[in-house]
Amino acid sequence: MAGPRLEPALAEQLFLEGAAVVVLGVPEGTEFGIDYSSWAVGPRFRGVKMIPPGVHFLHCSAARAAGGRETGPRTGFFLSLQRREVRVLRWDADSEAVGPAPPAAGEAEAFRENLREMDPFLGPYPYERLKKWVSLTSFISEAAMKKLQPESGRICAFSEVLPVAAGRHARDRAEQRRPRFDAECRSYAEGLARLPRMRPKAGTEIRFTELPKQTYPSGATPEEITRHSMDLSYALEKVISQRYASQPLDLLAELQFAFICFLIGNVYDAFEHWKRLLNILCRSENAIEKYQDLYINLISVLYHQLGEIPADFFVDIVSQDNFLTSTLQVFFSYTCSAAVDGTLRKKAEKFKAHLTKKFKWDFEAEPDDCAPVVVELPEGMQVD
């Protein structure tokens, strides 16, 4: 866990004033990390010291074989630390993860008093990456963290799932009109259909805001459906009204939370939520004037997020459906127009120029949204 050497006086101040996480019982070879850094656990590891106050993300991956480098799926959780706080965590052998355990009376205080003796066993927080972490979590407060984190307190790369209906016995499958286990499978599609339907285990889901599947009001006319399918301001208002009516800027905390869960926590569902939420934000033309502060800060959030994605990320994932370039193309067509407030317009133009230079993206072509939009009408509605 070695990093750049700090001046002795500064290191002493950070040791005394910073927080510490004491982690007990972690097997050697486990990958353990905090925020944007991770390390392989050695025999002397007992935690991390000199941690700046605020929100952090602890994560770990169990070693798969003694002496090997292969590790299991990543598990983590957000926590908020105060100045001089000592948080005691323990390794859970059953779940192969680190987590809080009921503390013994006075345990944290005892560790704080004996922190000097623990010093050789605690790795220093990687301050060389603090600026990066702060830029990625600038809107995630302790309240936002508690609101979004799963009830279980644990974020897993692979969701814990349970079958929607019983299917262990032949009678169960018969009641669900599914073929017997020993029946011949005649196609790939049939094989998929035989798999049991699964649902996330209660309490393990990240508590993201539910994004609307229908982007227009009930009873909307065909003309209104088309308008709301092109301009997602109605959908954005529904999202904001669920949780963020008093402070719309807190929606950016959810965007950052989802990004961290994907980028560091390896949670693919979080990436899907990030994409869907970003799509609503970028395609809400009428909302831009109402929520100018939200959109000015959205550009800053995206600037830092896109700066941390590996160079081949867009080729491997995003560019499969060209999601990001097409979404931002629409966004810039709204925010770079003369009708937009000067502060937002200038920031959008600078961001557009930055992305064009860095990724060689072309935002000048006509957006796909200018083409005719095919929308599905509600059942029973007809157009004369």
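As the structure is a computational prediction, the values presented were derived from the model and not from experiment.

**Q** Just to check I follow, could you spell out the state of the cysteines for this structure?
**A** Disulfides are covalent bonds that link the sulfur atoms of two cysteine residues. The full count for this structure, using the stated rule, is zero disulfides. Unpaired in this structure, Cys60 has its nearest cysteine sulfur neighbour in Cys156, at a distance of 9.5 Å. The buried category is assigned to Cys60, whose relative accessible area is 3%.

**Q** Which parts of the structure should I look at to understand the nonpolar core?
**A** Proteins that are soluble and globular tend to have nonpolar side chains buried together. Membership of the largest hydrophobic core comes to 92 residues, with the highest contact counts inside it found for Phe78, Trp274, Tyr295 and Leu328. The leading source of residues in this core is helix α10 (residues 251–263), at ten residues. The residues contacting Phe78, other than those within four sequence positions of it, are Val55, His56, Phe57, Trp133, Met145, Gln149, Ile155, Phe257, Ile260 and Cys261. Grouped together as the second largest cluster of nonpolar side chains are eleven residues, Val86, Phe111, Leu115 and Leu122 included.

**Q** Before we go on, may I ask you to explain the pattern of salt bridges in this structure?
**A** For side chains bearing opposite charge, pairing can occur when the charged atoms are close. Using the criterion set out here, one finds eleven salt bridges in the structure. Close ionic contact of Arg83 with Glu17 constitutes a salt bridge, the shortest N to O distance being 2.6 Å. Taken together, the positions of Arg83 in the loop between β6 (75–81) and β7 (86–92) and Glu17 in helix α1 (residues 8–17) put the pair 66 residues apart, joining distant regions of the chain. Its relative accessible area of 54% is what places Arg83 among the exposed residues. Glu17 sits in the partly exposed class, given a relative accessible area of 28%. Linking Lys49 and Asp119 is a salt bridge whose minimum nitrogen-to-oxygen distance equals 2.4 Å.

**Q** In this structure, what is going on with the sheet that holds strand β9 (residues 122–124)? I would like to understand it.
**A** Think of a sheet as strands paired side by side through backbone hydrogen bonds, with each pair either parallel or antiparallel. Here we have five strands laid out as an open sheet, ordered β8-β7-β1-β4-β9, and mixed in their pairing. Of all strands in the sheet, those with a lone pairing partner are β8 (97–100) and β9, marking the two edges. Along the sheet, successive strands turn relative to each other by an average axial angle of 25°, direction set aside. When strand β4 (residues 47–51) meets β9, the two strands line up parallel, connected through three bridges. Bridge assignment links Val48 to a residue of β9, and that residue is Gly123.

Conventions we followed
- Residues numbered from 1 in each chain as written.
- Predicted model: local features only at pLDDT ≥ 70, side-chain atom pairs only at ≥ 80, totals over all residues.
- Heavy atoms only, no water.
- Disulfide = S-S within 2.5 Å.
- Buried < 20%, exposed > 50% of the residue type's maximum accessible area, 1.4 Å probe, protein only.
- Core = buried A, V, L, I, M, F, W, Y, C linked by side-chain atoms within 4.5 Å.
- Helix = DSSP H or I, 4+ residues; strand = E, 2+ residues; numbered from the N terminus.
- Contact = heavy atoms within 4.5 Å.
- Salt bridge = Lys/Arg side-chain N within 4 Å of Asp/Glu carboxyl O.
- Pairing = 2+ DSSP bridges.
- Axes fitted to C-alpha atoms, helices over the stretch in contact; angles between N-to-C directions.

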